[in-house]
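Breakdown of the fold
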Amino acid sequence: MKSTLGRLAALSSCLLLSSQLMAEPNRPECIAPAKPGGGFDLTCKLAQSGLKNAGLLEEPMRVTYMPGGVGAVAYNAVVAQRPDEPGTITAFSSGSLLNLAQGKFGRYDEDAVRWLAGIGTDYGAISVRADSPYKNLDDLIAAMKKDPASVVFGAGATIGGQDWMQTALIAREAGVDPKKLRYVAFEGGGETLTAMLGGHVQVTSSGLGEVAPQLEAGKIRVLAVLSDERLPGDLSNIPTAKEQGYDITWPVIRGFYMGPEVSDEDYNWWKTRFDTLLAKPEFAELREQRDLFPLNMTGEELTAFVNKQVKDYKDLAAEFGLVK
């Protein structure tokens, strides 16, 4: 009996050691499915810094940009052209899942990739320039009620996308038809913010993490964060939509997927590294510096979460007449 237990223990140790000694993929890469400066960029760079600082990658992971269709181009490229690359991970967000729910990624659905890791969550935010006449959400909604076309919204997505959905939920709460809003779509959050600072749009709908640097610089004002309650730390002075009388929340998960034909060995190599990274207090501090909040999921747990989110988003999209 002892001999059998000993052999099992030895086998287990060998398997663990084998997993730890698996070769690092050549030229690890994180694809950000938009232009630099938005939430996908933030997500890739958070993993890039975290994995390098923790010694979980021998060389820095490069970040490449593949804009188009708010994630659709990258999703299709990974599935159809790069399905088995062991060193490639691609960033996704709740906006990606919302687009999947509406069939905006073409013939591929949520089962077309291998969901790897969720590393944090952001929250939706409604922002204006610091010199805007809109001092709070009531001011903005009053203007929307008086003349919906008088307010120009900018967001890093098309109609039906995550940023549009945030404005649509606010409009619905205010009794305004979302289809009457003036909405300018940009490829990513970075472009949207630049447009607002340049006076081309008046309001941006985005993730809070995307606008946090400009908030700290005093260039913008956040009228509302779409969280259940006020956020901690330096963000505690930002009011929620709920406390202003509008029952809206929008958490934004940020994470990664891999191609559908990536081997179990390579997939588990990355999963093990993210499991290790997410358990480190140093990574929690790094994530907090990026104004993101805890959400630690990998493997099967993340896959189940994604499937539920897509189902919920299909129901929400149907409510707004975005899908048949």
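Let me sum up the structure you'll find in this document. It should be emphasised that the depicted structure is a prediction, and the values quoted were computed from it without experimental measurement.

Now for the overall build of the chain. Each helix and strand in the chain was counted, giving 11 helices and 10 strands. A globule of 324 residues ought to have a C-alpha radius of gyration of about 20 Å, and the chain, at 21 Å, matches this closely. Along the three orthogonal principal directions, the C-alpha set of the chain runs to about 80 × 45 × 35 Å. Looking at the chain as a whole, 54% of its 324 residues qualify as buried. For the chain, the proportion of contacts with a sequence separation of at least 24, taken over those separated by at least 6, is 79%. Counting only carbon and sulfur atoms, one obtains 51% of the accessible surface of the chain, whose full area is about 14,500 Å². Charge centroids of the chain, computed over 33 positive and 41 negative side chains, lie 3 Å from each other.

It is the contact of helix 2 (residues 39-53) with helix 10 (residues 281-289), at a shortest axis distance of 10 Å, that shows an interaxial angle of 155 degrees. Considering their axes alone, helix 2 and helix 10 lie roughly antiparallel with respect to each other. Along this stretch, helix 2 crosses helix 10, giving a crossing that reads as right-handed. Contact with helix 2, carried on its side by L46, S49, G50 and N53, involves F283, L286 and R287 of helix 10 and no other residues of that element.

Enumeration over the complete set of coordinates arrives at one disulfide. Here C30 pairs with C44 through a disulfide, and the sulfurs are 2.1 Å apart. Here the disulfide of C30 and C44 is left-handed, its torsion about the S-S bond being about -70 degrees. Taken together, the positions of C30 in strand 1 (residues 29-32) and C44 in helix 2 put the pair 14 residues apart, joining distant regions of the chain. The pair formed by C30 and C44 is uniform in burial state, with each residue classed as buried.

Before going further, it helps to spend a moment on the pattern of salt bridges. By the definition in use, this model includes 16 salt bridges. The salt bridge involving R230 is made with E243; its shortest N-O contact spans 2.7 Å. Highlighted residues: R230 in the loop between strand 8 (220-225) and strand 9 (251-258) and E243 in the loop between strand 8 and strand 9, separated in sequence by 13 residues. For E243, a relative accessible area of 43% gives the class partly exposed. Each member of the salt-bridge network shares a partner with another, and the members are E29, R62, R82 and E85.

With that out of the way, let us pick up the packing of aromatic side chains. Applying the stated criterion across every chain, the model contains 10 aromatic pairs. On the basis of an interplanar angle of 80 degrees and a centroid distance of 5.2 Å, the ring pair of W269 and W270 is categorised as edge-to-face. The two residues W269 and W270 agree in class, both being buried. One aromatic cluster is present, formed by Y75, F92, F105, W115 and Y257 through successive ring pairs. For R114, the ring lying beneath its charged end belongs to Y267, and the centroid distance is 4.2 Å.

Most of helix 4 (residues 94-101) is tucked away, with eight of its eight residues classed as buried. Within helix 4, the full set of buried residues consists of S94, G95, S96, L97, L98, N99, L100 and A101. With a side-chain oxygen positioned 3.1 Å from the backbone nitrogen of G95, the residue opening helix 4 is S93.

Another point: the packing of helix 7 (residues 189-197) against helix 8 (residues 208-216). Running from N to C, helix 7 and helix 8 point in directions that differ by 40 degrees, and their axes come no closer than 10 Å. Looking at the two axes, helix 7 sits oblique to helix 8. Where helix 7 crosses over helix 8, the handedness of that crossing is right-handed. Mapping the contact onto sequence places G189, L193 and L197 in helix 7 and E210, V211 and Q214 in helix 8.

What counts and how
- Residues numbered from 1 in each chain as written.
- Predicted model: local features only at pLDDT ≥ 70, side-chain atom pairs only at ≥ 80, totals over all residues.
- Heavy atoms only, no water.
- Helix = DSSP H or I, 4+ residues; strand = E, 2+ residues; numbered from the N terminus.
- Rg over C-alpha atoms; globule rule 2.2 N^0.38 Å.
- Buried < 20%, exposed > 50% of the residue type's maximum accessible area, 1.4 Å probe, protein only.
- Contact = heavy atoms within 4.5 Å.
- Areas by Shrake-Rupley, 256 points an atom, 1.4 Å probe, with all protein chains shown as cover.
- Lys, Arg positive; Asp, Glu negative; His and termini not counted.
- Charge placed at Lys NZ, Arg CZ, Asp CG, Glu CD.
- Axes fitted to C-alpha atoms, helices over the stretch in contact; angles between N-to-C directions.
- Parallel < 35°, antiparallel > 145°, perpendicular 65-115°, else oblique.
- Left-handed = near helix turned anticlockwise from the far one by under 90°.
- Disulfide = S-S within 2.5 Å.
- Salt bridge = Lys/Arg side-chain N within 4 Å of Asp/Glu carboxyl O.
- Phe/Tyr/Trp six-rings, centres within 6.5 Å; stacked < 30°, edge-to-face > 60°.
- Lys NZ or Arg CZ within 6 Å of the ring centre and 35° of its normal.
- Polar contact = N/O pair within 3.5 Å; in protein donor to acceptor, adjacent residues only side chain to side chain.

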